[in-house]
Amino acid sequence: MVDDLGIGDLGCYGNTTLRTPNIDRLAMEGVKLTQHIAAAPLCTPSRAAFLTGRYPVRSGMAATGRMGVFLFTASSGGLPQEEITFAKAVKGQGYSTSVIGKWHLGLNCENNVDHCHHPNSHGFDYFYGTIMTHLRDCQPGHGSVLYFVTSYIPYKALTIGLISVALLHVIGMITVPRRAVVGFLVLVGVVVSLFGLLVYTFPNLNCFVMRGMEIVEQPYTSENMTQRMTSEAIEFLERNSERPFLLFFSFLQVHTGIFASSQFRGRSQHGLYGDAVMEVDWSVGQIMQTLERLNLKENTLVYMTSDQGPHLEEISIHGEMHGGFSGIYKAGKSTNWEGGIRIPGILRWPGVLPAGKVIDEPTSNMDIFPTVLNLAGASLPSDRVIDGHDLLPLLQGQVERSEHEFMFHYCNAELNAVRWHPPNSNAIWKAFFFTPDFHPENSSACFHTHICLCIKPFVTFHDPPLLYDLSKDPTESTPLSPDTEPQFYSVLEVIRAAVSRHAQSLKPVPVQVSPRQILWKPWLQPCCSSLSQLCTCERDHQIEKIRNKLQKE
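From a predicted model like this one, the values you see are computed outputs, not experimental measurements. (Residues numbered from 1 in each chain as written. Predicted model: local features only at pLDDT ≥ 70, side-chain atom pairs only at ≥ 80, totals over all residues. Heavy atoms only, no water.)

1. So, the UniProt feature "transmembrane region" (unreviewed entry) in the protein
Right, so step 1: UniProt tags residues 145-168 and 180-202 as "transmembrane region" (unreviewed entry).
Right, so step 2: Overall, residues 180-202 shows 100% helix and 0% strand. The separation of its end C-alpha atoms is 32 Å. (UniProt positions renumbered as here; feature names shortened; annotations may be inferred. Helix = DSSP H or I, 4+ residues; strand = E, 2+ residues; numbered from the N terminus.)

2. Description of helix H6 (residues 178-206)
Right, so step 1: With 29 residues, H6 should reach 42 Å at 1.5 Å per residue; the first-to-last C-alpha distance of 41 Å fits that figure.
Right, so step 2: At Tyr-200, H6 shows its largest bend, some 40 degrees, and a proline, Pro-203, comes one to four positions later.
Right, so step 3: Of all the residues in H6, the buried ones are Val-199, Thr-201, Phe-202, Pro-203, Asn-204, Leu-205 and Asn-206.
Right, so step 4: Of the surrounding elements, those touching the buried residues of H6 are strand S5 (214-218). (Expected span 1.5 Å × (residues − 1). Bend = angle between axes of the 7 residues up to and from the residue. Buried < 20%, exposed > 50% of the residue type's maximum accessible area, 1.4 Å probe, protein only. Contact = heavy atoms within 4.5 Å.)

3. Here we look at the state of the cysteines
Note on terminology: disulfide describes a covalent bond linking the sulfur atoms of two cysteines.
Right, so step 1: Taken as a whole and assessed by the stated rule, the structure comprises six disulfides.
Right, so step 2: Paired by a disulfide, Cys-109 and Cys-116 hold their sulfur atoms 1.8 Å apart. Between Cys-109 and Cys-116 the sulfur-sulfur dihedral comes to about 95 degrees; the bridge is accordingly right-handed.
Right, so step 3: For Cys-109, a relative accessible area of 29% translates into the label partly exposed.
Right, so step 4: With relative accessibility at 8%, the residue Cys-116 sits in the buried group.
Right, so step 5: Across the disulfide from Cys-411 sits Cys-454; the S-S distance is 1.8 Å. Its S-S torsion of approximately -65 degrees makes the covalent link between Cys-411 and Cys-454 left-handed. With Cys-411 in strand S11 (residues 406-411) and Cys-454 in the loop between strand S13 (429-436) and strand S14 (459-469), this residue pair connects regions lying 43 residues apart in the sequence. Here the two residues Cys-411 and Cys-454 agree in accessibility, since each one is buried.
Right, so step 6: Ordering the disulfide-forming cysteines of the protein by sequence position, one finds them joined as 1-2, 3-4, 5-8, 6-7, 9-11, 10-12.
Right, so step 7: Here Cys-43 is not disulfide-linked; the sulfur of Cys-138 is the nearest cysteine sulfur, at 13 Å. (Disulfide = S-S within 2.5 Å.)

4. Some thoughts on the environment of Leu-205
Right, so step 1: You can see Leu-205 is positioned in helix H6.
Right, so step 2: It is 7.7 Å that separates the C-alpha atoms of Leu-205 and Gln-218, two residues lying 13 residues apart in sequence.
Right, so step 3: Those residues in contact with Leu-205 that lie beyond four places of it in its chain are Thr-73, Gln-218, Trp-520, Gln-525, Leu-531 and Cys-535.

5. Some remarks on the packing of aromatic side chains
Right, so step 1: Under the criterion given, the structure shown has 16 aromatic pairs.
Right, so step 2: Judged by centre distance (5.9 Å) and plane angle (55 degrees), the rings of Phe-264 and Trp-282 are tilted. Taken together, the residues Phe-264 in the loop between strand S6 (245-250) and helix H8 (271-293) and Trp-282 in helix H8 connect sequence positions 18 residues apart.
Right, so step 3: Cluster of aromatic residues (ring-pair linked, three or more members): Phe-50, Phe-86, Phe-248 and Tyr-303.
Right, so step 4: The cationic tip of Lys-32 hangs over the ring face of Tyr-13; the distance from NZ or CZ to the ring centre is 5.1 Å.
Right, so step 5: Between Arg-239 and the ring centre of Tyr-126, over which it is positioned, the NZ or CZ distance is 5.0 Å. (Phe/Tyr/Trp six-rings, centres within 6.5 Å; stacked < 30°, edge-to-face > 60°. Lys NZ or Arg CZ within 6 Å of the ring centre and 35° of its normal.)

6. Structural notes on the side chain of Glu-313
Right, so step 1: Relative to the helices and strands, Glu-313 is located in the loop between strand S7 (302-305) and helix H9 (338-341).
Right, so step 2: Of the side chains with opposite charge, Lys-333 comes closest to the buried, unpaired Glu-313, at an N-O distance of 8.1 Å.
Right, so step 3: In contact with Glu-313, not counting residues within four places along its chain, are Ala-445, Cys-446, Phe-447, His-450, Ile-451 and Cys-452. (Lys, Arg positive; Asp, Glu negative; His and termini not counted. Salt bridge = Lys/Arg side-chain N within 4 Å of Asp/Glu carboxyl O.)

Structure, rendered in structure tokens:
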């Protein structure tokens, strides 16, 4: 799973200027899904859905406020232990399980060592990677993600208020005591100082690498991180080549704070972002070569995807575009336009899945859960709703149509849009109840807030909903109307009935991504040395291993 990779970034999905030969080879040797949909347009909820086969609103992993993901490692929210991941399910079938790379689903609950949300608590035997996502702060010279907080400050209202108070004081209508002015200035100074301290300490407190339960590097150096992760993945495959295994390789690239190792910098036509995509492709190639070397290719299912669409608003502090490409599709990450949720979906299993097959039917990243459980001989949980469907019959051509008649697209915990693929029809109807307000208006991104938001005043509600037929208008360029579509009202009636049935299947659960849960809590802060040392340490053997390898090359 690549982070924030656009469907248009890959050669096998139409890109002609960015070389991805190893991923393209996977597509040629396997099945390519062209309408593969992320269950959410943001990292944390999408990954929760991927691991559990359930819409994130069912597990409490869909936010109710403005922030839709975890921003601190010392947050108390995370994937609840009651949830069953595919790793937990296949572990019971004798599989060795590992996640290498980005987690972003929480760490601690009540103290800084309880690890209640750690991968080991969700069925993964082995973990090497980062608890948080990779951010600008983790990459020296790329600024801070916290700077975007200032874009939410109501400067205009504050300025008008201060000027009004000053004028009223001058003309004698009110009296502002000197003590109040001094107190206000002190308060501003304290707030600015605390914000500066937060920015200064953020990398040390949030950018660290763990091996198992132990922190082995804090803060981490990102430059060779993909090579280190690839080495860990190869070692895991070598250790487990004689037994059943499940490896979830979760790239830090190509998320904000773009990085690439020295071998790949400057190699692409698309700046540092393109270099990072090429390094990802190299890593995929290394893992595929390892499967062949260990004679595992013929009995290993490989799945390649992204967690959601590209971050179109990502511009470096030097003005370089660091976002990906959605291809023909509209918008990107954090939106439920197709560019935000239509992701690469490639599955290869020589001798079991046909080579070179392309499937246009709607599928979801939630489908991996029941597919993996079926292949491992594990039973689906009967005490909860599973929203994914086993992909194997569709992949092998036993059936021609996807089991997904309806798909529900959430923006955080708000139902944003619904997709309907009617039986015995080629139509793919999609209705939007609200859409993000782009800025600038003629763009397909939200540059004023750095990412599109799901709440007022950043969205426009639609009654009746905006309706598209993606089979005829995949770019979502022209909404239908009663004048242009005779079935307009009947389609919306069916969709509303489906929404009602879906709502009845939801049960109240504690929200894990609430403002209270994502807030930084000092007593939950992981630290591999001491706060006086800003938690710094470096004891990862992969660092020296990669250094020696690069010196020999």
